[in-house]
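So you can see what is in the structure, the chains are spelled out below.
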There are 2 protein chains.
Amino acid sequence: MRREAWIFTLGNEVVDGRIVNTNAAYLGRRLTLLGLEVFGNISLIDDVDLVTQFLRYVLSRRPGLVVTTGGLGPTYDDRTLEAVAKATNRGLVLNEEALRMVREKYESAGMGLTPEREKMAYLPEGAEPIPNPVGTAPGSWLSLGDTVIVSLPGVPRELKAMWEGFVEPRLRQLFPGVRLVERWFRVVGVPESSAAAVVKEVLKLVGGRSLYIKSHPKGSETGEPILDFYVSASSVDEDPEGLVERAVKELIERLKALGGEVVRSPSEEPD
Amino acid sequence: MRREAWIFTLGNEVVDGRIVNTNAAYLGRRLTLLGLEVFGNISLIDDVDLVTQFLRYVLSRRPGLVVTTGGLGPTYDDRTLEAVAKATNRGLVLNEEALRMVREKYESAGMGLTPEREKMAYLPEGAEPIPNPVGTAPGSWLSLGDTVIVSLPGVPRELKAMWEGFVEPRLRQLFPGVRLVERWFRVVGVPESSAAAVVKEVLKLVGGRSLYIKSHPKGSETGEPILDFYVSASSVDEDPEGLVERAVKELIERLKALGGEVVRSPSEEPD
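Attention here is on the structure that accompanies the text. (Residues numbered from 1 in each chain as written. Chains lettered and ligands numbered in written order. Predicted model: local features only at pLDDT ≥ 70, side-chain atom pairs only at ≥ 80, totals over all residues. Heavy atoms only, no water.)

## Focus on the packing of aromatic side chains
Residue and element names in this part refer to chain A. Scanning the entire structure with this criterion turns up 16 aromatic pairs over all chains. On the basis of an interplanar angle of 40° and a centroid distance of 6.3 Å, the ring pair of W6 and F39 is categorised as tilted. One end of the pair, W6, is in strand 1 (residues 4-10); the other, F39, is in strand 2 (residues 37-44), and 33 residues separate them in sequence. The exposure class of W6 is buried, given its relative accessible area of 0%. (Phe/Tyr/Trp six-rings, centres within 6.5 Å; stacked < 30°, edge-to-face > 60°. Helix = DSSP H or I, 4+ residues; strand = E, 2+ residues; numbered from the N terminus. Buried < 20%, exposed > 50% of the residue type's maximum accessible area, 1.4 Å probe, protein only.)

## Notes on the nonpolar core
Grouped together as the largest cluster of nonpolar side chains are 110 residues, with contacts concentrated most on W6(A), F8(A), L31(A), F54(A), F8(B), L31(B) and F54(B). Leave out the neighbours within four places in its chain, and F8(B) touches N41(B), I42(B), L44(B), F54(B), L55(B), V58(B), V66(B), V67(B), T68(B) and T69(B). (Core = buried A, V, L, I, M, F, W, Y, C linked by side-chain atoms within 4.5 Å. Contact = heavy atoms within 4.5 Å.)

## Observations regarding the relation of the copies chain A and chain B
Put simply, the two copies of the chain differ by a rotation about an axis and a shift along that axis. The operation relating chain A to chain B is a screw motion whose rotation component is 180°, with 0.0 Å of axial translation and a residual RMSD of 0.0 Å. Given the turn and translation reported, the copies of this chain are related as if by a two-fold rotation axis. Closest approach to the rotation axis among the C-alpha atoms of chain A is made by I42(A), whose C-alpha sits 2.3 Å away. Mapped onto chain B, 100% of the interface residues of chain A are again interface residues, and the two copies thus contact each other with one and the same surface. (Least-squares fit on C-alpha atoms with pLDDT ≥ 70 in both.)

## Overview of the sheet that holds strand 12 (residues 261-267) of chain A
Residues and elements named next belong to chain A. The antiparallel open sheet is built from four strands, whose spatial order is 10-11-9-12. Because the sheet does not close on itself, it has two edges, and the strands there are strand 10 (212-217) and strand 12. Across the sheet, the mean angle separating the axes of adjacent strands is 15° when strand polarity is ignored. Where strand 10 meets strand 11 (residues 226-235), six bridges bridge the pair, whose relative direction is antiparallel. Residue pairing across strands places I213 opposite V231, the latter belonging to strand 11. (Pairing = 2+ DSSP bridges. Axes fitted to C-alpha atoms, helices over the stretch in contact; angles between N-to-C directions.)

Given below as structure tokens:
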């Protein structure tokens, strides 16, 4: 399966800035560490047609994975699975297993089913419910051959429990064998506009499709420049460790020649 | 001009989760408070073609405003303005005023121009540079008649300085007269799946195109339910204050009838 992945983080409260989108960062990180290549994260308001349009657009690229968060609950604006169903030209149907999950949750609390509670058991036709150990709304795993669409709730602790307990173990089987290597280091004394030429040169010299170098300016470009460098490579067929080690060595050599000083040595952790 | 707005937060580090996207929340909030309706936030990797495609798609909706962040710096992957130029079918040209801004920054630090520094003065044809009081890369203000495209750096303190000092005062003139009213309150004892029917009922009863009600579950749906309610209305022609006040009153009445207790009274602040 193709390693291209997309994330949809849905909900008015994400788009209008009432909350900071930590789900996007969490999923982006987990997917990258699994060796998937996340191309984008799309946050949209709770509008079924709009979500359907963007899903269709992204699905036309035939990515290996699409993850959606938000819009699975019992309220009037929780309509993500309707959009997933529409975008994949199938119905939204009552799923017996999902209904059993929902019913058990409420019954064990002495509560019965209502239309709003039953609503959470409607999944796109052919989807499998993902158990929710924390809340009540099941997730949805829809396999389309080339693409898997995983839909999870937006509440972070539900999302994380379902991701780590169910989704990620399955994805490891679907996308095996990739190794991601990362290094962070910090250099003072070289403005980013001077480092830019060095980075270009090193990328060309070391080669490697998956090699990625990024400088993050932390100080003042024209005062006391501080640059945090991030170097990574992730591959099944290249040697990511070798690529990263060589790139870091070449970068540091050239940055020192420009008067740079390494104040934080290459490390596998950002800080 | 139409009040539909879109945000593009660009950069590999946003998409792969190395950073949490606080820029999206900041801009979403500022735009909402200005009375614009943000429809979505799109984060993409640094791929000119991909960014161009999504910009084209969004521009075809003829929104009033598109804001991009990231990709204005001196490095090889800073290519946002190239994508803006492509998506609007114009060239990327050396802007004399932008060049003057960039040159002054470096000259005042005793540094000359290099190709990487000069690169930051290339703007889409017809764009106006936005001064950057904190860093070196100017922003870009491109007015297309129906749509304004504002491009700003991704470094948060540069983004904020340019937004508050230059962009927002201009937007206030372009989009005058909207008033946003918001209330937050907290209710314990009612599960979200029961509140869902109440919310639907109140939305219908009170009416108003811009009225928006959202419950955020904080406790346990089947254990000790806690719901944070958010009610807002934002309009030039409706009475947003009246809509919100009535909706809050009707909600609380009904939630109390279901055994709910208001533990945080309606307030203009989330906490």
